[in-house]
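Results of the structural survey
What follows is each chain in one-letter form.
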Amino acid sequence: IILIMKKRGNGIRGRNILVKYTSTFLGGLLFFLPILALYYEKNLFSITNVALIFSIEAIALAIFEIPTGSIADIYGRKKTLIVGYFIQLVSIIFLYIGGSLSIFILYALIMSFGRALCSGSDSSLIYDSLKQEGKEKLFKKVNGNDSAIWPFAASIGSIIGGYLASISLSLPILATFIPMSLLVITTFFYKEPNYTKPEHKSILKQSYNSLKSVIKSKQLTLIILTGIILFGLGEAVHLLNPLFFKLKEMPISQFGYIFAITFGFSSLGHYLSHSVSERIGNKKTIILSIIGSAIFLLLALPTTKYISVLFFVIPSIFFGLRNPVMGYLVNKEVKDSERATIASIFSFSSQMGIAVFTFLVGVFAEQQGLLFSYFICALAILVVPIIYIWVKDNK
């Protein structure tokens, strides 16, 4: 990283994009991703308890989102990112210790606080870095490339994690300390971009002003409303998917490869997002990707084993296609001084959706079966394209 930055000089855009890509790759090497639900289930003995931990983490993340976004706007994105990633590193200690519901809850709370500090801070730093050089139109492309790196790294991490899990379910968690430590170090190489900071130092006032801006904007309100449904239901399905693979009688040794394919599809979708949306428009890209996700999820339910898993992972492409476009539409609507806070408001609403829907899907799956729960999720997702009729297709 240091050698490449020396060649590129002090250009803030190239430097920060390079650091962002590197830290995104390291952040994707979470070796425990393919087995996390199984690790919880082994220690907590029920799907409901597994869903409860995921829900607590999402609720805590939602609670922390808005004030931490205000911290990034007021005190700077770089400092906020360094602290946030260090806190995430500390949280993995509690995940590794595990063993009881209270320890896992403590992990969920610490991890969510660290994630909240980083959420919105990194994308705001990159957008402002591009804007400083008059290149903000490249944000969708840079964001798409960056978002493609994380699932690519997660694919590698999942394959390694699958092998480690065949030895011990706790071993992938222990191995994750290595990339997370490197991630904290890498974050120090960011260069803080110039942006218009709030004239005050009040986190409460910053949160209130940003929330007021969201309420006044029909575009932002609609995007946030659809985000609650999409991220809530989508993540509920994704977080419980090891249980789906187990139900379809897939051996645990293949979980890593399945996750790798899932993240690979997501990476491809993120990479293609800019070119596809430039051809057919931002709005059409989002609507078609939502419909595609729901259809393939429905096809995965009645089929068996490998065919079922293939249909189940294909929607990752559609998630990758729409995610950078939604981020671009949000950033187009906000001013510099509120960018990180409004990004956190968007994340807050999404996390609340994840918290509510994951717990409901978990409870419903315990009572009615996982497949029927996923069927209801797919039908609910199909409501979102109707709402998107009123969203503007900003270029």
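A brief report on the enclosed structure follows. The model shown is predicted, which means the values in this text are computed figures rather than measured ones. (Residues numbered from 1 in each chain as written. Predicted model: local features only at pLDDT ≥ 70, side-chain atom pairs only at ≥ 80, totals over all residues. Heavy atoms only, no water.)

**Focus on the overall build of the chain**
Of regular secondary structure, the chain possesses 20 helices and 0 strands. Relative to the compact-globule value of 21 Å for 395 residues, the chain shows a C-alpha radius of gyration of 20 Å, a close match. Within the chain, buried positions represent 57% of all 395 residues. Considering only intrachain contacts with a sequence separation of at least 6, the fraction spanning at least 24 residues in the chain is 85%. The centroid of the 35 positive side-chain charges in the chain is displaced by 6 Å from the centroid of its 19 negative side-chain charges. (Helix = DSSP H or I, 4+ residues; strand = E, 2+ residues; numbered from the N terminus. Rg over C-alpha atoms; globule rule 2.2 N^0.38 Å. Buried < 20%, exposed > 50% of the residue type's maximum accessible area, 1.4 Å probe, protein only. Contact = heavy atoms within 4.5 Å. Lys, Arg positive; Asp, Glu negative; His and termini not counted. Charge placed at Lys NZ, Arg CZ, Asp CG, Glu CD.)

**Description of the nonpolar core**
Core analysis: the largest hydrophobic core is formed by 95 residues, its most contacted members being Tyr40, Leu95, Phe245, Tyr374 and Tyr388. At 11 residues, helix 12 (residues 218-239) tops the list of elements feeding residues into this core. In contact with tyrosine 374, not counting residues within four places along its chain, are Ala236, Val237, Leu240, Asn241, Phe244, Leu297, Leu301, Phe312 and Val361. Counting 5 residues, the second-largest nonpolar core is a separate cluster that includes Leu29, Phe31, Leu164 and Ala175. (Core = buried A, V, L, I, M, F, W, Y, C linked by side-chain atoms within 4.5 Å.)

**Considering the packing of aromatic side chains**
Across all of its chains, the model carries 18 aromatic pairs by this definition. With a centroid separation of 5.8 Å and an interplanar angle of 80 degrees, the aromatic rings of tyrosine 39 and phenylalanine 104 are classed as edge-to-face. Placement of the pair is tyrosine 39 in helix 3 (residues 36-44) and phenylalanine 104 in helix 6 (residues 101-118), with a sequence separation of 65 residues. We note that tyrosine 39, like phenylalanine 104, is buried. Seen from their ring centres, tyrosine 40 and phenylalanine 104 are 5.1 Å apart, and the 80 degrees between their planes marks the pair as edge-to-face. Placement of tyrosine 40 in helix 3 and of phenylalanine 104 in helix 6 is noted, with a sequence separation of 64 residues between them. Among the aromatic side chains, those forming a connected cluster through ring pairs are Tyr39, Tyr40, Phe54 and Phe104. (Phe/Tyr/Trp six-rings, centres within 6.5 Å; stacked < 30°, edge-to-face > 60°.)

**A look at the environment of isoleucine 71**
Within the secondary structure layout, isoleucine 71 lies in helix 4 (residues 47-75). Spatially, the C-alpha atom of isoleucine 71 lies 9.1 Å from that of serine 202, the residues being 131 residues apart in sequence. Those residues in contact with isoleucine 71, other than ones at most four positions away along the chain, are Gly76, Thr80 and Ile203.

**Some points on the pattern of salt bridges**
Taken as a whole and assessed by the stated rule, the structure comprises 8 salt bridges. With its nearest N and O atoms 3.2 Å apart, the salt bridge here joins arginine 115 to glutamate 57. With a gap of 58 residues between them, arginine 115 in helix 6 and glutamate 57 in helix 4 connect regions that are remote in the sequence. We note a salt bridge from aspartate 128 to arginine 339, for which the minimum N-O separation is 3.4 Å. Residue aspartate 128 is found in helix 7 (residues 121-132), and its partner arginine 339 is found in helix 18 (residues 339-368); the two are separated by 211 residues along the sequence. Since its relative accessible area comes to 1%, aspartate 128 is described here as buried. Judged by relative accessible area, which is 2%, arginine 339 ranks as buried. Taken together, the shared-partner salt bridges in this structure form one network comprising Asp73, Arg77, Asp128 and Arg339. (Salt bridge = Lys/Arg side-chain N within 4 Å of Asp/Glu carboxyl O.)

**Observations concerning unusual backbone geometry**
Look at glutamate 249: it is not a glycine, yet its phi comes out positive at around 65 degrees. Locating glutamate 249 in the fold gives a position in the loop between helix 13 (241-247) and helix 14 (255-280). A residue is classified by how much of its surface remains accessible, and glutamate 249, at 61% relative accessible area, is exposed.

**Quick notes on helix 11 (residues 203-216)**
Under the 1.5 Å per step criterion, the end-to-end length of helix 11 is 20 Å for 14 residues, consistent within 8% with the ideal 20 Å. Among all positions in helix 11, only Gln206, Ser207, Ser210 and Val214 are buried. Relative to the axis of helix 11, the buried residues are bounded by an arc of 95 degrees and lie together on one face. The exposed residues of helix 11 that point more than 90 degrees off its buried face are Leu204, Tyr208, Ile215 and Lys216. Contacts made by the buried residues of helix 11 are with helix 4, helix 12 and helix 18. (Expected span 1.5 Å × (residues − 1). Arc of directions from axis to C-beta.)

**Structural notes on the packing of helix 5 (residues 77-97) against helix 10 (residues 177-187)**
For the pair helix 5 and helix 10, interaxial distance at closest approach is 9 Å and the crossing angle is 165 degrees. When the axis of helix 5 is compared with that of helix 10, the two are roughly antiparallel. Here helix 5 runs over helix 10; the crossing is left-handed. The residues of helix 10 that touch helix 5, namely those facing Lys78, Leu81, Ile82, Tyr85, Phe86, Gln88, Leu89, Ile92 and Ile93, are Phe177, Met180, Ser181, Leu183, Val184 and Thr187. (Axes fitted to C-alpha atoms, helices over the stretch in contact; angles between N-to-C directions. Parallel < 35°, antiparallel > 145°, perpendicular 65-115°, else oblique. Left-handed = near helix turned anticlockwise from the far one by under 90°.)

**So, the side chain of threonine 341**
Examined against the element boundaries, threonine 341 turns out to sit in helix 18. Given a relative accessible area of 0%, threonine 341 falls into the buried group. Residues within four places of threonine 341 in sequence aside, it is in contact with Ile66, Gly69, Ser70, Asp73, Gln206, Ser207 and Ser210.

**So, a nonpolar patch on the surface**
A cluster of nonpolar residues, Ile291, Ile295, Leu299, Phe364, Phe372, Phe375, Ile376, Leu379 and Leu382, forms a patch on the protein surface that exposes about 690 Å² of accessible area. Looking at the nonpolar patch, the elements with two or more residues in it are helix 15 (282-300) and helix 19 (370-381). Among the elements that line the nonpolar patch, the one with the most residues is helix 19, at 4 residues. Following the sequence through the fold, isoleucine 295 ends up in helix 15. (Patch = residues over 30% accessible without salt bridge, like charges linked within 9 Å, V, L, I, M, F, W, Y side chains within 5 Å. Areas by Shrake-Rupley, 256 points an atom, 1.4 Å probe, with all protein chains shown as cover.)

**Structural notes on the packing of helix 4 against helix 5**
Contact geometry for helix 4 and helix 5: axes closest at 7 Å, N-to-C directions at 135 degrees. Here helix 5 runs oblique to helix 4, going by the angle between their axes. Contacts from Thr68, Ile71, Ala72, Asp73 and Tyr75 of helix 4 reach helix 5 at Arg77, Lys79 and Thr80. The class makeup of the residues in the contact of helix 4 with helix 5 is 3 nonpolar, 2 polar and 3 charged. (Nonpolar A, V, L, I, M, F, W, Y, C, P; charged D, E, K, R; others polar.)

Spatial relationships are all this shows, so hold off on functional conclusions.
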